[in-house]
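Residues per chain are reported as follows:
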Amino acid sequence: MERKLTYDCDTPQPRIIRHAEPSDLSAIMQVMEAAKAIMRLSGNLHQWGEGYPSEAVILADMEKNGGFVIEENNAENEKKIVAYFAFLPSPEPTYDKIYDGEWIDDALPYHVVHRIASTPDVHGIFSNIMDFCFRHDPNIRIDTHRDNAIMQHNIEKHGFSYCGIIFLASGDERLAYQRILKEKN
């Protein structure tokens, strides 16, 4: 992907998806804190603890050209970052081994989506992200914490299939999903 990639979202409130820049870091970390608050209120008490995702993790996404923000105009018509996600090409080392299941296809290259976060006052962010990602790769993998009911709902609503369990480098368990778009004839 080119470095200055942007994508206009098809939403009533004008939104764009663009590569994150180091100057966005403060706003991204605010979005992360808002997302953690949403998780805690919905009963997801254990995901993203102990300073994760850190500024270093977000900067590493950016260095790989895989960190993205979603901006929309606020009431004063100023652009405001309302969401963040990482969209990274395979291979994802934690996906090498899957337990209690299997990937739909384990041979094709894929992209993985990580660290989806948004502020509580915006809606449709997951759809915006999936539209963007599937424009760039028909084979997407994603994982989430067992307690993240909101993310599981969104993943399943967008046609992903549950594939099994993966373990992060820390040893933490995650539910793993994959969706492959079929080519149109």
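Thresholds, definitions, all that
Residues numbered from 1 in each chain as written. Predicted model: local features only at pLDDT ≥ 70, side-chain atom pairs only at ≥ 80, totals over all residues. Heavy atoms only, no water. Salt bridge = Lys/Arg side-chain N within 4 Å of Asp/Glu carboxyl O. Helix = DSSP H or I, 4+ residues; strand = E, 2+ residues; numbered from the N terminus. Disulfide = S-S within 2.5 Å. Buried < 20%, exposed > 50% of the residue type's maximum accessible area, 1.4 Å probe, protein only. Contact = heavy atoms within 4.5 Å. Pairing = 2+ DSSP bridges.

**Student:** Could you give me a rundown of the pattern of salt bridges, with the residues and numbers involved?
**Tutor:** Counting across every chain of the model gives 7 salt bridges. Linking arginine 15 and glutamate 72 is a salt bridge whose minimum nitrogen-to-oxygen distance equals 2.7 Å. Placement of the pair is arginine 15 in strand 2 (residues 15-19) and glutamate 72 in strand 3 (residues 67-73), with a sequence separation of 57 residues. Bridged by salt links that share partners, the residues Arg18, Asp24 and Glu71 form one connected network.

**Student:** With reference to specific residues and values, describe the state of the cysteines.
**Tutor:** With the rule as written, the count across this model stands at 0 disulfides. In this structure cysteine 163 is not part of a disulfide, and its nearest cysteine sulfur, from cysteine 133, lies 17 Å away.

**Student:** Go over the environment of tyrosine 99, please, and point to the residues and values.
**Tutor:** Looking at where tyrosine 99 falls in the secondary structure, it is placed in the loop between strand 4 (79-89) and strand 5 (111-118). Among the residues examined, tyrosine 99 registers a relative accessible area of 39% and is labelled partly exposed. Here the alpha-carbon distance between tyrosine 99 and phenylalanine 85, two residues 14 residues apart in the chain, equals 26 Å. Beyond its immediate sequence surroundings of up to four residues, tyrosine 99 is in contact with Gly164, Ile165 and Phe167.

**Student:** Give a description of the pairing of strand 8 (residues 173-180) that names residues and reports values.
**Tutor:** Note that strand 6 (residues 139-144) and strand 8 share 6 bridges and pair antiparallel. Bridging across to strand 8, asparagine 139 finds its partner in isoleucine 180. As paired strands, strand 7 (residues 161-167) and strand 8 are joined by 6 bridges and run antiparallel to one another. Its bridge partner lying in strand 8, isoleucine 165 is registered against leucine 175. Hairpin connection between strand 7 and strand 8: a loop of 5 residues separates the two successive antiparallel strands, and glycine 171 in this loop has a positive phi of roughly 95 degrees.

**Student:** Got a sec to walk through unusual backbone geometry? Specific residues and values, please.
**Tutor:** Here the residue pair tyrosine 52 and proline 53 is connected by a cis peptide bond, since its omega of -10 degrees sits within 30 degrees of zero. Look at the link from serine 90 to proline 91: it is a cis peptide, with omega at 5 degrees. Along the chain, the position of proline 91 falls in the loop between strand 4 and strand 5. A positive phi angle is found at asparagine 65, which is not glycine, with a value near 60 degrees. As for its placement among the helices and strands, asparagine 65 is situated in the loop between helix 2 (55-63) and strand 3. The partly exposed category is assigned to asparagine 65, whose relative accessible area is 27%.

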